[in-house]
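Chain by chain, the residues run as shown.
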Amino acid sequence: TRTSRPQRILKAVQKNATKGDPESVISAIDHYCRHKEWAMNVGDDKGLILDSVLTEVNPSTALELGTYCGYSTVRIARLLSPGSKLITVEFNPAFAAVARQIIAYAGLQDKITLVEGPSGDLIPKMKERFGIKSFDFVFLDHWKDRYEPDTKLLEDCGLLKKGTVLLADNVICPGTPEYLKYVRNSPRYESRYYKSNLEYSKVEDGLEKSVFLG
Ligand SMILES: O=c1[nH]cnc2c(O)c(F)c(-c3ccc(F)cc3)c(-c3ccc(F)cc3)c12
Ligand SMILES: [Mg+2]
């Protein structure tokens, strides 16, 4: 196919959503990915859990690892209080290019900083580059094998504080066994599993919420 799947998702947003209306952007992506072609957005079922955790935390500074097309970026940013910021990290430049356009279409670009590159390289630069003291909320949705090392890196870089909430996607499908073992066995985290289903599917998946205890 001439276009990429992210480009087709962007086209569906431009065709079916209203500029400056994040809810319509979210609905347009969910409709396209449920009825036309599956894509690895957190989706509407797990998205409701993401929304509820976000509303509870009300973060001033949030981090997302794994932007893809910007679906969860828009989901998170639309719930942030005025003046709060979201940094989102994407390794794949083609994904980042589409995400920037979807974020702009939703009108949320002022709340979001999209950074391109490997999370392992960017996390140690967060303080110096973005003046971040620590994150109140982290959404892990990049690559299953990076969840545990990047969490340790966030700790070592002093980017987590007492009460920081980590929310991890795909802990069942495709599964992040090392990460689950780490956060569930560490005395420094209080963890809880939210059962749901894989985006746009009946397969089980879920989110793991882990509170850093300091
Ligand atoms: O890699 C991911 N990052 C973030 N979120 C993801 C997500 O929400 C997913 F549902 C999947 C998924 C799960 C099941 C499946 F069949 C296909 C893709 C993946 C994923 C897993 C393995 C790959 F080789 C490629 C993509 C991801
Ligand atoms: Mg995911």
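Being a predicted model, the structure only gives us computed values, none of them experimental. (Residues numbered from 1 in each chain as written. Chains lettered and ligands numbered in written order. Predicted model: local features only at pLDDT ≥ 70, side-chain atom pairs only at ≥ 80, totals over all residues. Heavy atoms only, no water.)

Enquirer: So, the packing of aromatic side chains: which residues are in play, and what are the values?
Expert: Taken as a whole, this structure holds 4 aromatic pairs when the rule is applied. In this structure an aromatic cluster arises from ring pairing among Tyr182, Tyr189 and Phe212. The positively charged end of Arg192 is found above the aromatic ring belonging to Tyr194, 3.9 Å away from the centroid. (Phe/Tyr/Trp six-rings, centres within 6.5 Å; stacked < 30°, edge-to-face > 60°. Lys NZ or Arg CZ within 6 Å of the ring centre and 35° of its normal.)

Enquirer: Before we move on, can you summarise the layout of surface pockets with the specific residues and values?
Expert: Computed from the structure, the largest pocket encloses a volume of approximately 510 Å³. Lining the largest pocket are 24 residues, and of these Met40, Gly66, Asp141, His142 and Trp143 sit closest to its centre. Only strand S2 (85-90) and helix H9 (171-175) provide two or more residues apiece to the lining of the largest pocket. Residues that form the lining of the largest pocket fall into these classes: 12 nonpolar, 6 polar and 6 charged. (1 Å grid on protein atoms, 1.4 Å probe; cavity = no way out; pocket = protein on both sides within 12 Å on 5 of 7 lines; lining within 4 Å. Points joined across faces, edges and corners; volume = space filled by probe spheres on them. Helix = DSSP H or I, 4+ residues; strand = E, 2+ residues; numbered from the N terminus. Nonpolar A, V, L, I, M, F, W, Y, C, P; charged D, E, K, R; others polar.)

Enquirer: An account of the nonpolar core is needed here, citing residue identities and associated values.
Expert: Counting 43 residues, the largest nonpolar core has Ile9, Ile29, Ile102 and Phe137 as its most contacted members. Mapped onto this core, the elements with two or more residues apiece are helix H1 (5-16), helix H2 (22-35), helix H3 (43-57), helix H4 (71-77), helix H5 (93-106), strand S3 (112-116), strand S4 (135-140) and strand S5 (160-168). No other element matches the 7 residues that H5 contributes to this core. Discounting chain neighbours no more than four positions away, the residues touching Phe137 are Leu50, Val53, Leu54, Val57, Pro59, Thr61, Ala62, Leu63, Ile76, Thr164, Val165 and Leu167. Counting residues in hydrophobic clusters, the runner-up holds 25 residues, among them Met126, Leu154, Val183 and Tyr189. (Core = buried A, V, L, I, M, F, W, Y, C linked by side-chain atoms within 4.5 Å. Buried < 20%, exposed > 50% of the residue type's maximum accessible area, 1.4 Å probe, protein only. Contact = heavy atoms within 4.5 Å.)

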